[in-house]
Amino acid sequence: MSNNNSVSKVEAALNDLKKGKLIIVADSPDRESEGDMVGLADFVTPESVNYMIKNARGLLCVPMSKEVAHRLDFKPMTNEHDAFGTAFTISTDAKTTTTGISAFDRADTIKKLSMTDSQAADFYHPGHIFPLIAKNNGVMERGGHTEAAVDLARLAQASPVAYICEVVKDNGRMARLNDLQKIAKADDMELITIADIKNYRYQKDNFLLQKVSDVDLPTKYGHFRLAAYQYQEKPVLVIYQGKLKNTQSLLLRIHSECFTGDILGSKRCDCGEQLEKSLQIINESGQGALIYLDQEGRGIGLLNKLKAYQLQDQGLDTVEANVELGFAADQREYGIVANFLQQENISSVRLLTNNPDKLQQLEDLGIKIDQRVPLEVVPNENDRKYLQTKKHKFNHLLNEVE
């Protein structure tokens, strides 16, 4: 799915939400593969609540930010979460309600939860509304409907409180994507996915990356600057020469961390040699950047990569080893790169890569690829099989490999 499509879909959904309408948000097939109807608490009405409980049929819940939950003193329902980590608090009703269960009472409670002057003393416990606490970084941290709903509320510049309900079919089974598409069309509702929200935030959110420092860095490959950013708890390093901001057709290398190759000079992979060659090419050009990402072992981490190496020593290739450990063959994402480029107003790049997936991911996130610059190194006896797997299973563009 292209990012431009994601952006237009999320913007249409936000427009409806701000009008008090409901939308449907679907999650990943790798997760629950279900959909929730979503509304913003600021605009809740008894009619929208009644529609939701009548047509979605699941459990009506109210996702909110940690700040709201803390202000209202909402405690976790238990010390354990469900299988998908949903952070339920003790249930509640506003003290202005009667039994608390009618659509009118539930709308009253939801509205009260969204009000900035509400206090803990305004609510009974337990009740008929189930608050959920979203992770601070939203769908970037956890791909759940709780985080998606609060992200949408924030993107709509509303109170960070929403109301959601799982969509259950007439036969009592959960609605999946095909079902959700039919329901959305029949009910004239916008349908988006959590991936759409994530892509939208990569393109539009100027607060994902926090700059920490920008220092002089003379190296054996040339004289560079090194800018350090923080993305959630992970570092993002940008090694660059020349001007970055507003530079078009930036010469760019996206390099995933490889301790064994980059630091120890391992010959099991071509990573260290690609890092050196990239810096040499950028230095010769006099302008360009290398973005160094904390994505060791195609995103599985150093310890798991070493476990994968052990499996490779027993005869598996790099793809088979990752899958044997329970991971996808390649778990890397480059959305944060697109976010950095958008913040620097860089809309096109010349990408140093042999990997077509990098090209596709950046294009899907709205970055124009002016040119692919090959970054091939000569195979050695230790990494030849690894490079063959790259070529034949990941479709890497490698002329030096059979």
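Residues numbered from 1 in each chain as written. Predicted model: local features only at pLDDT ≥ 70, side-chain atom pairs only at ≥ 80, totals over all residues. Heavy atoms only, no water.

A. A look at unusual backbone geometry. In this structure, Pro126 follows His125 across a cis peptide bond, with omega equal to -10°. Looking at the element boundaries, Pro126 is found in strand β5 (residues 123-133). One non-glycine residue, Arg298, adopts positive backbone phi at about 60°. Mapped onto the secondary structure, Arg298 falls in helix α10 (residues 296-299). Relative accessible area serves as the criterion here: at 10%, Arg298 is assigned to the buried category. (Helix = DSSP H or I, 4+ residues; strand = E, 2+ residues; numbered from the N terminus. Buried < 20%, exposed > 50% of the residue type's maximum accessible area, 1.4 Å probe, protein only.)

B. Here's a closer look at the layout of surface pockets. Approximately 1600 Å³ is the volume found for the largest pocket. Lys198, Tyr202, Gln331, Arg332 and Glu333 are, among the 47 residues lining the largest pocket, the residues nearest its centre. Secondary structure elements with two or more residues in the lining of the largest pocket: α6 (177-186), α7 (194-204), β10 (234-241), α10, α13 (335-343) and α14 (356-364). With five residues, α7 is the single largest residue contributor to the lining of the largest pocket. Residue composition of the lining of the largest pocket, by class: 19 nonpolar, 12 polar and 16 charged. If you add up the space inside the second largest pocket, you get close to 370 Å³. Together, 15 residues line the second largest pocket, and Asn136, Arg201, Asp205, Phe207 and Leu208 are the ones closest to its centre. It is helix α5 (residues 145-155) that provides the largest number of residues to the lining of the second largest pocket, a total of three residues. (1 Å grid on protein atoms, 1.4 Å probe; cavity = no way out; pocket = protein on both sides within 12 Å on 5 of 7 lines; lining within 4 Å. Points joined across faces, edges and corners; volume = space filled by probe spheres on them. Nonpolar A, V, L, I, M, F, W, Y, C, P; charged D, E, K, R; others polar.)

C. Just the side chain of Glu147, in detail. With respect to the helices and strands, the residue Glu147 is situated in helix α5. Looking at Glu147, the relative accessible area reads 1%, which means it is buried. If sequence neighbours within four positions are ignored, Glu147 has contacts with Ile133, Ala134, Lys135, Gly138, Val139 and Arg142. (Contact = heavy atoms within 4.5 Å.)

D. The arrangement of the pairing of strand β14 (residues 368-373) in detail. Bridge count for strand β13 (residues 348-352) against β14 is five bridges, and the pairing is parallel. Bridge assignment links Arg350 to a residue of β14, and that residue is Gln371. The parallel pair β13 and β14 is bridged by α14, and the resulting crossover is right-handed. (Pairing = 2+ DSSP bridges. Right-handed = clockwise from strand over helix to strand, strands pointing away.)

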